[in-house]
Amino acid sequence: MRTDKGEINLTQKRQSSSLLSPQARGGDIAEGGFQYQFNSTIAQIPNWLAQDGFTEMIREALGDAEARFFVPSVGFWYELVEYKNHHLKASKFWEEIEHFQKIDGQAPNTYQQFMLGCKSVAEELVPITNALKRVRDPYSFYNTAQQIQDISYTDFVEVVEARNKSKDIADFLFLKVRFKLDSTDAESHPRGLFTEEMKRYFPEFNKLSGEVTNAAYTELIELVKSRRNKPIYRHELEKAIWQEMKEKDRPEPTIKIHTEHDANTDKGPDGCLQFDWKSIFGGPNRNFPPAEEWNRKVVSQLQSTKKWLISTERSRHIHLNGHRRLSASIAIGSIFSAVAGFTIGIETRDGIWWTNSHAKEDTPDYQWQQSIDGGPAGEIAVGISILKDTANEEVERYLKTKHFQGKRLYLFSSMALQSDNQANRAVQKAKSVIQELTSKTQAKKIHLFFAGPAQFALFLGHRLNTLGEIQCYERISPNTYVPTVLIET
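Computed from a prediction, not measured in an experiment: that's the story for all the values here.

Calculation rules
Residues numbered from 1 in each chain as written. Predicted model: local features only at pLDDT ≥ 70, side-chain atom pairs only at ≥ 80, totals over all residues. Heavy atoms only, no water. Helix = DSSP H or I, 4+ residues; strand = E, 2+ residues; numbered from the N terminus. Pairing = 2+ DSSP bridges. Axes fitted to C-alpha atoms, helices over the stretch in contact; angles between N-to-C directions. Buried < 20%, exposed > 50% of the residue type's maximum accessible area, 1.4 Å probe, protein only. Polar contact = N/O pair within 3.5 Å; in protein donor to acceptor, adjacent residues only side chain to side chain. Contact = heavy atoms within 4.5 Å.

**Some remarks on the environment of Arg-228**
Phase 1 of the analysis: The topology assignment puts Arg-228 in the loop between helix H10 (210-225) and strand E6 (232-233).
Phase 2 of the analysis: Between the alpha carbons of Arg-228 and Gln-405 there is a distance of 65 Å; along the sequence they are 177 residues apart.

Okay, structure coming up:
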């Protein structure tokens, strides 16, 4: 567009997703009037910190505030927040939603969520915000009741369409927009609001004195004020909040990982890193995908997560829950290995078993029965089974169908594992036997078959370093296996 002087007006052409757009530069124009937005952003930080994937934030860039999160399956996604310190009329409300849509359309697959905070909305909009909350909050509960989901969603769309808005807008609202209404405390009691949010997400905050919590608030305020339109990293936010507190009063720096195997299972603890492995779980019929998908879904996601944890100097203390195939447990243990400085706690029926709970003098011994057979080829097959000796006969039959020529090592124990200490002792003894055989045969590759508890699979993977390339297998049916993850140790 040209002005009267014949010059091109670039402001008119810039897109909503540009950092030079009029909307993004609003802070340059009215910084002094944005105290409400600033206070609301400070109160949002505890929510972000409670999510293990939260990596960094910025304020006054494209929105009042934005946060960046690591997600194993996609890499990174963003959340954008806009705050309005007044009652929002319908015209302004839809203007904000359209602005969100433009950003989302111009930067596809970038923003997972948009949030609009204000004191209240026009009366004609209340049915929409109420219907959205009423349908979306319990929506996942009805994963196995598709008809209930469909009917409820159709009713929500009708509520939106009754306000002369399209189904596309209804879809966008449902999938990507959150509302935070009646946020008057951000204006009148910002310190109290921040403190309450910290207590909600970090129970440790309840035990601290007012002097300490006030110091945390003050340090955080100073940090965020000093970084307008510049990234603020997670470790900087944590340092500002926790630096005045004694080590024992700070939250334990543990990364929560949940592996999802079925659409009907829960999503794991709040704020955890979610690994969606439904497609490789195989279902009750064990219809497993090709090994390439195992490596792309399991190995690649775990490696990118490890790289992110190390590059951002996050905790190497992992709490693992959920369900997964044994191959995936081995892969988790191997990639978050002991030699890389990781410790893993896996949820079991007997509580959490930790990979760094080593055997002690009073730890019960663990006995393996072993047999070795086959020729001197450059690859070996290792079958390990606990309680039920399926590996020896079944793996042997499978290997014969594949004309395998290498050495075969079979380890079996009829002993149930009693503790994480004993599991580590069992792994140590099993690895010693495997290591001795690979050294004698100069084997470059191990074909690993395992039948037993998931915690042993995890512990074994955790200490498989120095053994070379390991191809894992899953059992489909008697005498039949398929290759899954390929591990480089």
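**Side note on the sheet that holds strand E15 (residues 445-451)**
Phase 1 of the analysis: Pairing within the open sheet is mixed, and its six strands lie in the order E12-E14-E13-E15-E16-E17. Edge positions in the sheet fall to strand E12 (369-374) and strand E17 (480-488), since each of these pairs with one other strand and no more. Between one strand axis and the next, the sheet turns by 20° as a mean value, whatever way the strands run.
Phase 2 of the analysis: Alignment of E15 against strand E16 (residues 469-477), held across four bridges, turns out to be parallel. Looking at the pairing, Lys-445 lines up with Glu-469 of E16.

**Some details on the side chain of Thr-259**
Phase 1 of the analysis: Mapped onto the fold, Thr-259 is located in strand E7 (residues 255-260).
Phase 2 of the analysis: Taking the relative accessible area as the measure of exposure, Thr-259 reaches 1% and is therefore buried.
Phase 3 of the analysis: Engagement of the side chain of Thr-259 in a polar contact is seen with the backbone oxygen of His-323, the distance being 3.0 Å.
Phase 4 of the analysis: A polar contact is formed between the side chain of Thr-259 and the side chain of Arg-324, at a distance of 2.9 Å.

**Digging into the sheet that holds strand E9 (residues 317-322)**
Phase 1 of the analysis: Spatially, E8-E7-E9-E10-E11 is the arrangement adopted by the five strands of the open sheet, whose pairing is mixed. In this open sheet, the two edge strands, each paired with only one partner strand, are strand E8 (273-276) and strand E11 (351-354). When the angles between neighbouring strand axes are averaged without regard to direction, this sheet yields 25°.
Phase 2 of the analysis: Of the strand pairs in this sheet, strand E10 (residues 343-348) and E11 are connected by four bridges, and their pairing is antiparallel. The residue of E11 that forms the bridge with Ile-346 is Trp-353.
Phase 3 of the analysis: Against the sheet, helix H13 (residues 291-311) makes contact with E7 and E8, and its axis sits at roughly 165° relative to E8, the strand it touches most.

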